[in-house]
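As a plain string of letters, each chain reads:
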Amino acid sequence: MNKQLICIVCPKGCRVTVSEENGVYTTTGNACARGNVYGIQESIAPKRMLTSTIRIHNASHARCPVVSSAPLPKGDLFKVLALLENIEVTAPVVMNTVILDNVLNSGVNILISRSMEETL
Amino acid sequence: MFDIIIIGAGIIGCQMAYTLSLTDLSVLVIEKNTEVLNEVSSANSGIIHTGYDPKEGTLKALLNAKGARMYRDLCEKLQVPLMECGSLLVAHNDQEIETLQGIMDKAEHRKISCEMLDQNACRKTEPNIAPSIIAALYFPTTASILPWQMGYALIDNACQNGVKLHTSEPVIKVERGCVITVTTPKASYQAKMVINCSGLSGDKVARLAEPDYPITLRLKKGEYQVTDKTEASYLNHILFPLPTDKGKGVLAVKTVEGNLLFGPNSTLVKDPFDNDTTPDGLAEVNEKIKDVIIPLPQSRMIRQFAGVRPGSPTNDFIIENHDHWINVIGIDSPGLASSPAIAQYVLDEFIVPTLNPQPVERSVYVHQKPLSMMTHDQRNALIKKNPEYGKIVCLCEDVSYQEVADAIHSPAQTKSIKGIKRRCRPGSGRCQGGFCEAKIVDILSKELGIPKEKVLYDNDDSAFLTPMEALYETK
Amino acid sequence: MKQNKVLIIGGGSAGLACAIKLKEQGIDDILLIEKENELGGILKQCIHNGFGLTLYKQEYTGPMYAQLNIDRFMALGIPFLLNATVLDITESKVVTLCDPSGIFEIQANVVVLAMGARERTRGNIGTPGNRCVGVWTAGNAQKYLNMDGYLVGKRIFILGSGDIGLIMARRLTLAKATVVGVAEIMPYSNGLNRNIVQCLLDYDIPLYLSTTITKIKGDGRVEGITLCKVDENRQPMPETSFDIEVDTVLLSVGLIPDNVISEKAMVELDPKTKGPKVNSQLMTTVPGIFACGNVLHIHDLVDHVSMEGMLVADSILTYLNHDTDPKMIPIRAQGALSYVLPQTISSESKTVLLKYRVNKPMKKGILKLISNDQVIMTFPKVDLHPSEMQTLQLSQAILCKMDYNLVVELCDE
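Residues numbered from 1 in each chain as written. Chains lettered and ligands numbered in written order. Predicted model: local features only at pLDDT ≥ 70, side-chain atom pairs only at ≥ 80, totals over all residues.

A. A look at the sheet that holds strand S23 (residues 344–346) of chain C. Residues and elements named next belong to chain C. Taking strand neighbours across the sheet as the criterion, the 5 strands line up as S23-S21-S28-S25-S26 in an open arrangement whose pairing is mixed. The open sheet has two free edges, formed respectively by S23 and strand S26 (374–384), since each of these has just one partner strand. Along the sheet, successive strands turn relative to each other by an average axial angle of 25°, direction set aside. Examined bridge by bridge, strand S25 (residues 362–371) and strand S28 (residues 406–412) share 6 bridges and lie antiparallel to one another. In the sheet register, glycine 365 faces S28, and the bridge partner there is aspartate 412. (Pairing = 2+ DSSP bridges. Helix = DSSP H or I, 4+ residues; strand = E, 2+ residues; numbered from the N terminus. Axes fitted to C-alpha atoms, helices over the stretch in contact; angles between N-to-C directions.)

B. Structural view of the packing of helix H1 (residues 13–24) of chain C against helix H9 (residues 302–320) of chain C. Residues and elements named next belong to chain C. At a closest axis distance of 7 Å, the pairing of H1 and H9 adopts a crossing angle of 40°. Comparing their axes, H9 and H1 come out oblique. For the pair H1 and H9, the sense of crossing is right-handed. Side by side, H1 and H9 meet where Ser13, Ala14, Gly15, Ala17, Cys18, Lys21 and Leu22 of the first sit next to Val302, Val305, Ser306, Glu308, Gly309, Met310, Val312, Ala313 and Ile316 of the second. (Parallel < 35°, antiparallel > 145°, perpendicular 65-115°, else oblique. Left-handed = near helix turned anticlockwise from the far one by under 90°. Contact = placed C-beta atoms within 7 Å.)

C. Quick peek at the nonpolar core. Judged by nonpolar contacts, the single largest core of 169 residues is most densely connected at Ile8, Ile9, Cys18, Val112, Leu113, Val249 and Phe290 of chain C. Here phenylalanine 290 of chain C is in contact with Val110, Val112, Leu113, Leu282, Met283, Thr284, Val312, Ser315 and Ile316 of chain C, once residues within four sequence places are set aside. (Core = buried A, V, L, I, M, F, W, Y, C linked by C-beta atoms within 7 Å. Buried ≥ 20, exposed ≤ 12 C-beta atoms within 10 Å, placed from the backbone.)

D. Representation of unusual backbone geometry in the model. Looking along the chain, the bond that leaves glycine 263 of chain B and enters proline 264 of chain B is cis, with omega of -5°. The peptide bond linking serine 333 of chain B to proline 334 of chain B adopts the cis configuration, its omega dihedral lying at 5°. Phi at asparagine 22 of chain A takes a positive value of approximately 50°, unusual for a residue other than glycine. On the secondary structure map, asparagine 22 of chain A appears in the loop between strand S2 (15–21) and strand S3 (24–28). Overall, asparagine 22 of chain A belongs to the exposed group, with 4 C-beta atoms counted inside 10 Å. Positive phi outside glycine occurs at lysine 111 of chain B, with the angle close to 60°.

E. The arrangement of the interface of chain C and chain B in detail. Taken together, the contact between chain C and chain B spans 38 residues of the former and 46 residues of the latter. Looking at the side of chain C that touches chain B, the elements that each hand over two or more residues are strand S6 (85–89), strand S7 (94–99), strand S8 (102–113), strand S9 (117–119), helix H4 (122–125), helix H5 (138–146) and strand S11 (150–151) of chain C. With 4 residues, H5 of chain C is the single largest residue contributor to the side of chain C that touches chain B. In terms of residue class, the side of chain C that touches chain B is built from 12 nonpolar, 16 polar and 10 charged. As judged from the 2 bridges shared by strand S22 (residues 466–467) of chain B and S11 of chain C, these two strands associate in the antiparallel manner. Within S11 of chain C, the position partnered with proline 467 of chain B by the bridge is tyrosine 150 of chain C. (Nonpolar A, V, L, I, M, F, W, Y, C, P; charged D, E, K, R; others polar.)

F. Just the pairing of strand S18 (residues 318–322) of chain B, in detail. Residues and elements named next belong to chain B. Relative to strand S19 (residues 325–329), S18 runs antiparallel, the two sharing 5 bridges. The partner of asparagine 321 across the bridge, within S19, is isoleucine 326. What sits between the antiparallel neighbours S18 and S19 is a turn of 2 residues, in which aspartate 323 has the positive phi angle 55°.

G. Broad picture of the interface of chain A and chain C. With 22 residues of chain A at the contact, the number on the chain C side is 23 residues. Listing elements by their share of the side of chain A that touches chain C, those giving two or more residues are strand S5 (51–57) and strand S6 (63–68) of chain A. Here the side of chain A that touches chain C gets 4 residues from one element, more than from any other, and that element is S5 of chain A. Each residue belonging to the side of chain A that touches chain C can be placed in one class, and the counts come to 10 nonpolar, 8 polar and 4 charged.

H. Focus on the sheet that holds strand S24 (residues 352–358) of chain C. All names here are of chain C. If you walk across this open sheet you meet the 3 strands as S22-S24-S27, and the pairing is antiparallel. In this open sheet, the two edge strands, each paired with only one partner strand, are strand S22 (337–341) and strand S27 (390–394). Looking at each pair of strands side by side, their axes are set apart by 20° on average, direction ignored. Here S22 runs beside S24; their pairing, made up of 4 bridges, is antiparallel. Along S24, the bridge assignment pairs tyrosine 339 with arginine 357.

Next comes the structure, spelled out in C-alpha cells:
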C-alpha cells in the first residue's frame with residue numbers, strides 16, 4: 001500500500017509517500033524524522049491539533065482562545081468542540097491553565113491559550 | 001394633523017424640511033429607509049455646478065445658478081465644508097474649442113465668470129491633466145460638497161426646530177380629501193399639503209396620489225471609482241469633458257475630505273434600485289477618465305460605487321402643485337446645486353399662497369466640527385472634559401469614540417454602520433472598515449443599548465452578526 | 001515637549017521584540033505606543049498554532065506567542081501607552097500622539113516603525129456588483145469570530161487562498177458555518193501546503209484555482225456570487241462563469257504594509273515591497289528612523305518579524321553610539337524576484353540576512369549575486385514559492401567581494 005500525503009508538522013509541507021508492507025510502515029520524501037512519525041500516524045489514525053475559543057466574562061473581549069496540549073483524533077474534533085461550548089470562564093485567567101482534562105480519554109488536555117486580565 | 005408632510009429625506013427633502021422649519025408651519029418628514037440621505041443623495045458627484053449648462057427657459061436653468069449662489073452663505077451658516085476649487089471644462093481639438101467659446105458666451109450671459117486657458121496654463125494649474133488637452137474653460141466658482149454633510153446639517157436643524165422625522169416608514173397609501181392622508185405600515189398621518197420628493201420612487205409615489213399620473217422617470221445609472229484622501233494633491237480642480245446628450249460625462253472630482261472621485265458613466269436602467277457596479281461600467285469609467293486626467297491604477301482606488309439618478313422624460317425638474325399635492329421629482333443633475341433654490345421656489349410658489357407661513361427666528365444648530373479639524377488646544381480642551389474624545393477608533397480618518405457617540409445622538413439620529421460612515425467617516429478610508437468596523441459595532445451596541453447581533457449595517461433588515469452560540473444546537 | 005530616546009510605534013510582535021532587546025541591552029528611555037487597548041498586535045486573533053517553530057523550536061498559538069512577548073515586556077517594566085494613536089510625525093522625529101489623556105508631541109532621537117499591515121480590500125481589487133452587507137476581509141471576520149464570538153454569516157465563500165483565507169475556512173467550519181469554497185486567481189495556491197491539508201482537504205472544501213469572483217449579487221444582503229475561470233493573463237473568461245449561492249464573501253487577497261505614518265516622516269518607500277527602503281541595519285532613508293515587521297514587508301512567519309525587531313534594537317545601539325555605515329551599496333532585484341530586502345547594505349557589515357520572494361513557483365532555479373557585472377556567487381535553489389519568504393545569509397567573505405552595487409538575480413536553471 002502506498003499513500004501520498006502532505007506533512008503538516010511544519011510550514012515546509014513535504015510531500016511524503018507512506019508505504020506499508022506486512023504491517024511495517026516506511027516513509028519517503030520527509031525532510032525530517034517528525035515527518036516519518038506524522039506520515040505513519042496519518043495513515044493509521046489521523047490526528048489534529050485543535051484550537052478554538054470559549055466564552056469569558058469580565059475580560060476585554062468576549063472569547064478566550066484555547067488549544068489542545070497535543071493532537072487529537074481527527075474524528076473527535078467536533079465532539080471536543082461540543083464539550084467546549086458548555087464551558088465558561090471568568091477573568092482573570094492565566095495562559096496554560098487546563099480547562100478540560102484528558103478530554104474523551106485521549107490523554108490530551110485543553111488549555112487556555114492566553115492570559116486575560118479582569119476589566120470593568 | 002400637520003401643515004406639511006414631506007415624503008423622502010434625501011437632499012431635497014432635507015432642504016425642504018430646513019426651509020420650512022424657519023417658518024411657523026408644522027412639518028413631518030417620512031423616510032422609507034432607516035437612514036436619511038440613503039439613495040441618490042449618497043451616490044452622486046457632489047458638484048455645485050455654476051449653472052451655465054442647463055437649457056434656457058428650463059427650471060434647471062432658473063434654479064441651478066440661483067441655488068449655486070446660495071451655497072456659500074448656507075455652508076457658512078450651517079458650518080458645512082465647501083470645496084471651492086473651481087473647474088476646468090476641457091477641449092482636445094479646435095472643434096471642441098469652438099464649443100467652449102459658445103459655452104463661454106452662454107456663461108457670460110448668465111453672469112457666471114469664466115476664463116479661457118491655453119495648453120500651458122492648463123498644465124500649470126493642473127499638472128496631471130490629460131496630455132491630449134489643448135485648452136480649457138476655467139470656472140472659478142464651481143465647488144463640491146459631500147451631499148450628506150449638507151443633508152445632515154439641514155435635517156439636524158430641521159429637527160431641532162421642531163420638524164418631526166420618521167424613518168423606516170415607506171408610504172403605501174395616499175387619500176385625498178379636504179386633507180391628505182398618508183399611510184405607512186406603522187400609522188396614518190394627515191396634512192394640508194404634501195411634498196413628494198421621494199427621488200427614485202418619485203413617479204410611483206406620485207401615482208399613489210393620482211393613479212393616472214402619466215410621468216415615468218428616466219433612470220440613469222452612473223458608476224464611480226474613489227481614491228483615498230492621501231491622493232488629494234493629485235487633482236486641483238474638478239475636470240469636465242464637454243457634455244453630450246448622455247450627460248456631463250466622466251469627471252474627476254475633488255472632494256472636501258480629499259478623496260477623489262472618477263466618474264460617472266451613464267446607462268439607462270429599468271430598476272431604480274439597481275445600483276450594482278458592473279465590469280463594463282467600471283471599464284468605461286477607467287477608459288473615459290483618460291480624456292481629462294492621467295489615470296491612476298486600480299490599486300490606488302479604495303472603493304467603487306454606483307448611483308441611479310431619477311431624470312424626467314423632458315430632462316427638466318418636475319416641480320408642480322396638483323391641488324395641495326406637490327411633486328418635486330425628476331431631480332437629477334444639477335439637483336444638488338439647485339436644492340436651496342428648489343426649496344425656496346416651492347415655498348414661494350406653492351406654500352406661501354396657500355398656507356401663509358410666518359418666519360420664525362431660530363438658533364442655528366451646528367454639530368461639533370470633527371476633532372481632526374481642530375487645533376491641538378481645542379482638542380485637548382475637549383479631551384480634558386471627556387477622555388473618550390482622545391480614544392481614536394478610526395485610524396484612517398482620525399475619529400474618536402465620543403464623536404461616533406455624538407453622531408448617534410444627533411438631532412436626526414443615526415443608528416447604522418452606513419449612517420455612521422456618512423456622519424463622521426469611519427469606513428470611508430483606506431482600510432474600508434478593516435480596523436474600525438468592529439469598534440463601530442461596539443459603540444452602536446453600547447449607545448443604543450442593543451446587543452451586537454441587532455446592530456444594523458444599513459436598513460432594518462441588515463443586522464449581520466450571529467452569536468456563535470446560536471449555531472450550537474443546529475449541527 | 002516630551003522627549004524620548006526611542007519611540008516604538010506599534011505594540012505587536014515587531015515592536016515588542018525590539019523593545020525587549022533594547023531594554024535588555026541597557027536602553028531605558030523607551031516608549032512603546034499601541035493603538036489598541038491591549039498589547040500583542042494581530043496575533044491575539046490568530047488563535048491557531050504554527051507560530052514560533054523557527055525561533056523557539058516549538059509551536060505556539062498566536063495568542064501564546066504574543067503572550068510570551070507581552071510577559072517578557074511587562075517584566076522588564078518598559079514604558080508604554082495604550083489607546084494611543086500616532087497622528088503625525090516629522091522628518092525630525094517629532095511625533096504627534098493622541099490618547100485619552102490628550103493630544104501631545106514627543107521629540108524622539110530614534111523612531112521604530114512597527115505598525116504592521118492592513119488587508120487589501122474589495123475596493124482595491126474592484127470586484128463589481130452590489131455593495132450590500134456581507135463582504136468582509138478575512139481578517140475582519142476573524143476578529144469578529146475569535147475575539148467577540150460572532151459569525152458574520154452562515155454560507156461563506158472565500159476569495160484568495162492565502163493563509164488567512166485558508167485558516168478562516170477551517171475556523172468557520174469548526175464554528176459551524178458552511179464554507180462553500182475557496183477561489184484563487186493564480187493557478188497555484190498562495191498558502192502553505194500544510195494549510196491546504198488541514199483547512200481545506202480535511203473538511204472537503206473545494207479550491208477553485210485560476211478562478212475569481214466577477215460579481216457579487218445581493219439586495220440588502222449578499223445572495224450569491226458569479227465565479228469565472230481566468231486565462232493566462234488573469235483575465236476572466238465569461239464563457240466559463242458559474243453562480244454559487246452564498247450569504248457572505250470573505251476576501252483574503254493580500255496584505256499591504258500600512259505606511260501612511262511612514263510617508264509623513266518623508267521615509268522613502270519601495271514600490272515593490274510597499275514598505276520603507278532600508279539598509280542592512282533596517283534603517284530607512286531618514287537617519288534614526290527604523291522599520292521592522294509587516295510594515296516593512298509582508299511576512300509569512302512571525303519568527304522573522306521578531307528577528308527583525310531584535311535586529312533593529314541592535315542597529316539602534318550602533319546608531320546611538322554614532323557608529324555610521326560608511327559605504328552603502330544599493331541592491332537591485334532582477335529576474336524572477338518580486339523584491340529583495342534590504343535595499344542597501346554596507347560593505348562593512350559583518351553579516352547580512354537577505355530576504356526575498358520569487359514571483360512565480362520554481363522547482364529549480366539559480367540565485368546569482370552580481371557586483372559590477374561580475375557574478376560573485378551562485379546558489380542553486382529548489383522548490384521556491386511566492387508564498388514563502390526566502391532568506392540568504394551573506395557572510396563577511398561574500399560582502400567583501402561587493403563593490404559599488406549588488407544585483408540579486410534569480411533565473412531558471
